[in-house]
Each structure stands twice: as structure tokens, then as C-alpha cells.
Amino acid sequence: MFGSKSNKPSPIDSLIGAGSTITGDVHFTGGLRVDGCVIGNIKAVGEKPGTLVLSEMAKVEGEIDVGHVVINGTVAGPVRAKEYLELLPKARVTGDVSYKTIEIHVGAIVMGRMVHEGEVRQAEKV
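Bear in mind the structure is a predicted one, so any value in this text is a computation, not a measurement.

Enquirer: Looking at this structure, how should I read the pattern of salt bridges?
Expert: Pairing between side chains of opposite charge can happen when the charged atoms of each approach one another. Counted under the stated rule, the structure contains 7 salt bridges. Among the ionic pairs, lysine 82 bridges to aspartate 65, the shortest N-O distance being 3.6 Å. Of this pair, lysine 82 sits in strand 11 (residues 79-87) while aspartate 65 sits in strand 9 (residues 64-71), placing them 17 residues apart in sequence. Overall, lysine 82 belongs to the partly exposed group, its relative accessible area being 29%. For glutamate 83, the salt bridge is made with lysine 100, and the minimal N-O distance between the two is 3.9 Å. Highlighted residues: glutamate 83 in strand 11 and lysine 100 in strand 13 (residues 97-104), separated in sequence by 17 residues. Salt bridges sharing partners connect three or more residues here, namely Asp65, Arg80, Lys82 and Glu117.

Right, dumping it as C-alpha cells:
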């Protein structure tokens, strides 16, 4: 409790705006909000887990590997949320999802496998 590392999400300090399209991988630290389109992988780097927020206008075609992920848009590719994943009502994910903690709102759709991170690590040991 006291002196332990915090798992709080990072504040949003970067934005890919509506109408923008990024082609290529995106690596970031801290927090990233996407309102546009990313054709490539999105990965948080650094010691802190990082936060990714995809608005209902966002589209991602690629792999997501971030600590804290909130999705309300469209993702075509696997999603790995190392700490926390929230799927809001307009979330549409086509691909496998791995997570440590998950919150799913009514209306969210996942077309793929959903795997708890603990199960992934145990399977790797076998």
C-alpha cells in the first residue's frame, strides 16, 4: 500500500486528431488519444504502462500493446492491455484481446479470443 508503485493511467498528452491518418508504427510514452486513423501498430514504451484512448471516430489497423487501453472506436488487429482494458459501447475489435483487468460496456463487440494475461503467462511456461 504505502510506497508501492501506482497503476494509475497516464494523463493524455498527445493527440492524433480527427481527419488525420498515420501510416506506420506509433510508439509513445505517457498518454495518447486517437480520433483519426492509424494504419500500423501502436505501442507504449518506457517504464510506465502508458494510456491509449480511442474515440468513437478512431480506426486502428494493427496491433495495440499498451498498459491502459480505452476503446470506443474500431480496431482490426490484436489488442494487449497489460494492466486495464475498457471497451465502451461503440467499441468494435476484430482480433484477439489479452488483458489483466477488463470492463465491457453493453454494445461493445469483440470478434476474436479474449484471454486473461495470467493465462497467457502460464501457457508460455508449459
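Enquirer: In this structure, what is going on with the side chain of asparagine 72? I would like to understand it.
Expert: With respect to the secondary-structure elements, asparagine 72 resides in the loop between strand 9 and strand 10 (74-76). One polar contact links the side chain of asparagine 72 to the main-chain amide nitrogen of lysine 90, over a distance of 2.9 Å. Residues within four places of asparagine 72 in sequence aside, it is in contact with Leu54, Ser55, Glu56, Leu88, Pro89, Lys90 and Ala91.

Enquirer: Teacher, can you tell me more about the sheet that holds strand 5 (residues 37-39) here?
Expert: Pairing is parallel across the open sheet formed by 6 strands, whose spatial order is 2-5-8-10-12-14. On the outer flanks of this sheet lie strand 2 (21-23) and strand 14 (109-111), each paired with one strand and no other. Strand-to-strand twist across the sheet, computed as the mean angle between neighbouring axes with direction ignored, equals 5°. Where strand 10 lies against strand 12 (residues 92-94), 3 bridges are found, and the strand directions are parallel. When the sheet's bridge partners are listed, alanine 76 is paired in strand 12 with threonine 94.

Calculation criteria
Residues numbered from 1 in each chain as written. Predicted model: local features only at pLDDT ≥ 70, side-chain atom pairs only at ≥ 80, totals over all residues. Heavy atoms only, no water. Salt bridge = Lys/Arg side-chain N within 4 Å of Asp/Glu carboxyl O. Helix = DSSP H or I, 4+ residues; strand = E, 2+ residues; numbered from the N terminus. Buried < 20%, exposed > 50% of the residue type's maximum accessible area, 1.4 Å probe, protein only. Polar contact = N/O pair within 3.5 Å; in protein donor to acceptor, adjacent residues only side chain to side chain. Contact = heavy atoms within 4.5 Å. Pairing = 2+ DSSP bridges. Axes fitted to C-alpha atoms, helices over the stretch in contact; angles between N-to-C directions.

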